[in-house]
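Structural features, examined
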Amino acid sequence: MSAANTTPTPPAPAPSDFIRDIVAQHVAEQRYAKIVTRFPPEPNGYLHIGHAKSICLNFGLARENRGQCNLRFDDTNPVKEDIEYVDSITADVQWLIAGWADQCLGFKPKGAHPAAQTVDGKPDYFLPAIEPSALSAQHSAGSAAPAAEPFFASDYFEQLHNYAVELIQRGKAYVCDLTPQETDEYRGAPDKPGRESPYRQRTVAENLDLFARMRAGEFPDGARTLRAKIDMAAPNVWLRDPLLYRIRHVAHHHAGSGWCIYPLYDYAHCLSDYLEGITHSVCTLEFEVHRPLYDWVLENLGLPRPLPHQYEFAKLNLGYTIVSKRRLLQLVNEQVVTGWDDPRMPTLSGLRRRGIPASAIRAFVTGLGVTKFDSVTEVAVFENAVRNDLNAAAQRRLAVLRPVKVVLTNLPAGETIACTATNNPQDEHPTTRPLALTREVFIEADDFAEVPPPKYFRLKPGGEVRLKYACIIKLDEIVKDAAGAVTELRCTAQLDTRSGQPNADKKVKGTIHWVSATTCIDAEVRLYDRLFTVPEPAATEDFLKVVNPHSLEVVTAKLEASLACATADDRFQFERLGYFTLDPKDSQLSAPNAQPKLVFNRTITLKDTWAK
RNA sequence: UGCCCGAUGGUGUAAUGGUAGCACGAACGACUCUGACUCGUUCUGUCUAGGUUCGAGUCCUAGUCGGGCAGCCA
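Residues numbered from 1 in each chain as written. Chains lettered and ligands numbered in written order. Predicted model: local features only at pLDDT ≥ 70, side-chain atom pairs only at ≥ 80, totals over all residues. Heavy atoms only, no water.

1. Details of the sheet that holds strand 26 (residues 521-528)
In spatial order, the strands read 15-28-29-30-26-27-16; together these seven strands make up an open sheet with mixed pairing. The sheet is open, and its two borders are formed by strand 15 (395-397) and strand 16 (399-400), each paired with just one other strand. In terms of strand pairing, strand 26 meets strand 30 (residues 599-605) through three bridges, oriented parallel. Of the residues in strand 30, the one forming a bridge with R526 is N601. Along the sheet face, helix 13 (residues 379-393) touches strand 15, strand 28 (572-574), strand 29 (578-582) and strand 30 and points at about 120° away from the line of strand 30. (Pairing = 2+ DSSP bridges. Helix = DSSP H or I, 4+ residues; strand = E, 2+ residues; numbered from the N terminus. Contact = heavy atoms within 4.5 Å. Axes fitted to C-alpha atoms, helices over the stretch in contact; angles between N-to-C directions.)

2. Quick word on the environment of I521
With respect to the element layout, I521 can be found in strand 26. Each C-alpha atom, one on I521 and one on D184, is 66 Å from the other, the two residues being 337 residues apart in sequence. Contacts of I521, omitting those with residues within four sequence positions, involve A557, K558, L559, E560, A561, L563, A564 and L598.

3. Some words on the confidence of the model for chain A
Parts of the model with low pLDDT should not have their predicted coordinates read in detail. Here chain A averages 95 in pLDDT, and 95% of its residues register 70 or above. Confidence drops under pLDDT 50 across residues 1-11; counting only partners more than four residues distant or on other chains, this segment forms twelve contacts. Overall fold confidence (pTM) sits at 0.95, and the ipTM for the predicted complex is 0.97. (pLDDT = per-residue confidence, 0-100.)

4. Section: the protein's contact with RNA strand B
In the vicinity of RNA strand B lie 68 residues, with D21, R246, R396, R458 and T609 positioned nearest. Contacts to RNA strand B include D184, whose side-chain N or O atom sits 2.9 Å from a phosphate oxygen. In this structure, a phosphate oxygen belonging to RNA strand B sits 3.4 Å away from a side-chain N or O atom of K607. Across the surface near RNA strand B, the residue classes tally to 24 nonpolar, 19 polar and 25 charged. (Near = heavy atom within 4 Å. Polar contact = N/O pair within 3.5 Å; in protein donor to acceptor, adjacent residues only side chain to side chain. Nonpolar A, V, L, I, M, F, W, Y, C, P; charged D, E, K, R; others polar.)

5. Quick look at the sheet that holds strand 24 (residues 511-512)
Ordered by their spatial adjacency, seven strands build an open sheet running 24-21-22-23-17-20-25, and the pairing between neighbours is mixed. Edge positions in the sheet fall to strand 24 and strand 25 (514-516), since each has one partner strand and no second. Relative to strand 23 (residues 486-494), strand 22 (residues 472-480) runs antiparallel, the two sharing eight bridges. Bridge pairing links I472 to Q494 in strand 23.

6. Quick notes on the side chain of D570
One can find D570 in the loop between strand 27 (552-559) and strand 28. No salt bridge forms around the buried D570; measuring N to O, its nearest opposite-charge neighbour R397 is 7.0 Å away. A polar contact of 2.8 Å, which involves the side chain of D570, links it to the backbone nitrogen of T567. (Buried < 20%, exposed > 50% of the residue type's maximum accessible area, 1.4 Å probe, protein only. Lys, Arg positive; Asp, Glu negative; His and termini not counted. Salt bridge = Lys/Arg side-chain N within 4 Å of Asp/Glu carboxyl O.)

7. Overview of the packing of aromatic side chains
As enumerated under the stated definition, the model contains 16 aromatic pairs in all. Both rings, one in F157 and one in W259, keep their centres 5.8 Å apart while their planes meet at 75°; by these two values the pair is edge-to-face. One end of the pair, F157, is in helix 5 (residues 157-169); the other, W259, is in the loop between strand 11 (243-247) and strand 12 (261-263), and 102 residues separate them in sequence. Across the pair, exposure class does not vary: F157 and W259 are buried alike. (Phe/Tyr/Trp six-rings, centres within 6.5 Å; stacked < 30°, edge-to-face > 60°.)

8. Here's the deal with helix 5
In an α-helix there are 3.6 residues to a turn, and that puts residues three or four apart on one side. With 13 residues, helix 5 ought to run about 18 Å at 1.5 Å a step, and its terminal C-alpha atoms sit 18 Å apart, in line with that. Residues of helix 5 that are buried: F157, Q159, L160, H161, Y163, A164, L167 and I168. Where helix 5 terminates, the next one or two residues include G171, which has phi positive at roughly 75°. (Expected span 1.5 Å × (residues − 1).)

9. What about the packing of helix 2 (residues 49-64) against helix 3 (residues 83-97)?
Orientation of helix 2 relative to helix 3, taken along the N-to-C sense of each, is 60°, at an axis distance of 11 Å. Taken together, helix 2 and helix 3 sit at an angle that is classed as oblique. For the crossing formed where helix 2 meets helix 3, the hand is right-handed. Across the interface between the two elements, A52, I55, C56 and F59 of helix 2 pack against V93, L96 and I97 of helix 3. Tallied by class, residues from the contact of helix 2 with helix 3 come to seven nonpolar, no polar and no charged. (Parallel < 35°, antiparallel > 145°, perpendicular 65-115°, else oblique. Left-handed = near helix turned anticlockwise from the far one by under 90°.)

10. Some remarks on the pattern of salt bridges
Taken as a whole, this structure holds 44 salt bridges when the rule is applied. The salt bridge partner of E64 is R20, with a shortest N-O separation of 2.7 Å. In this pair, E64 is assigned in helix 2 and R20 in helix 1 (residues 18-29), connecting sequence segments 44 residues apart. A residue is classified by how much of its surface remains accessible, and E64, at 34% relative accessible area, is partly exposed. Among the ionic pairs, D92 bridges to R352, the shortest N-O distance being 3.0 Å. Of this pair, D92 sits in helix 3 while R352 sits in helix 11 (residues 348-354), and the two are 260 residues apart along the sequence. The structure contains a network of salt bridges with shared partners spanning D341, R353, E524, R526, D583, K585 and D586.

Rendered as structure tokens:
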């Protein structure tokens, strides 16, 4: 059974925050027929843990109000975007919400564009999501996979263009010939009003003609722009005749080669929301000063349907972590990591490959709350959510990372003693598996000390320790090679201390893990540690200088034989060590005519309160 | 220094004019065939100054500190 997708969502306390309160009030007032939110990434990088907060908020809002949340690519800048990112983002979102908010995910019919309609006698465009019931109906009808895809702002270029023409006709927008440098100068400064462009008073006819010629490709990049006519003296600089369209003679990864003018965020985003019937447009704090512009565009077009509104919250900052697509791209480009999905990366792909369940990420971000306070969350909170999830989900196994050989001198070679191990003591009705104790076993190097520190519970000269699920052993003799290195520990096994035997209840202070030297298998195990050495890497002068040089250590470990059948969906706890999972990329489970190659990633260590 | 936003233990948050609570963390202890889990005890908080009020973390004013905004990025 796969632990990856069956981890039950923890009994989440009904979240409450200022945005949910607003939505709840709108629901109570019946302001909208249905709550519709959206998650609008730009396809210029992979999604990371910070996006998880936004995804869970937007999909949570939809889920809690029987609404919908559209996945929409905010792809209005073709020079920075790529189809690779469209695919990874789509997969990551679906992974994160799987089993939780699948029914809320808004897709549109493949290839669909907003349809012209009439509302209250006014022309309008609308592109609603496919009803989830329609999607599942197609499934059960046995037809091919429903032809659905995410939303793309670039699918609205035609409508956006029509709205721009409308704005020009209303005298609310004009074509400006200022160069980029001049535009900056004319804008003024936050504490100094700007100056009006000399092109501001062009006639509607002139603007219409020029805008048409912009679209027709008559002018080079940067020669002209379309600008909103608002107020060059506004204290909010985003209201100083902001740019609506710029000229870029490049093809678009989704829209093709039909355009050489592309809309800017502030113009495209609010209208994309409107076209999809979004009711609550939730974004991060840095867009707060853009909200008046969001409202201005919609209000000045006289649109017939209820308008969406923007609400802002503080994005996630995590200790010892970089949450910035630009900087993560740098880590990839400079090969500090092996790729966007390197298990040390805070990307959703990296976390997934590392073995962190989606349910743990959801529990983590849900517990954070939603506020307008710019904060930094300690990694311990995230790690706690991961351990919490995995403790309940993971199958226990025995594995030795740094082996030391132990010989049980009173056990004849070739004899095996059958033991029984518990798969997960957290289960209500735990299952078991057989384990074989043999004359030679491996134990963890850390679990033996010739000169033990105070309060050392493990194996020491003359001391006793329990081999978990087997019996108590006593260390009689330490064998070393010529160089003085320990080669073998000779012990006596107290077989009557096994479960079910007369002395089973004998207590020793320490219990350690082990594997049979004759039946164990070898595997590569990758031990990950945090990628940065300081709590706020983004705040340092050069974050590449605080990369942890020990973020990855690779060992060849000895694993109990049952692990040979592991699958990439399994989550394991190697007892007393931590949580591990098969690396889905580098493991070769069914290599023809060859031994399967097992590569395990350490997801996270167990908590260790025995400080060393 | 123009505009906008924010401030509750070490960290993240709750309390919507009426007992400052929860989680993480830390310390100690109990339990333990995982030094895990679980359980128990303890620790630390309303930025400052005024005002309104029977009563203020909450409302008002001023200040302090922090964040954001001057891309033809999103």
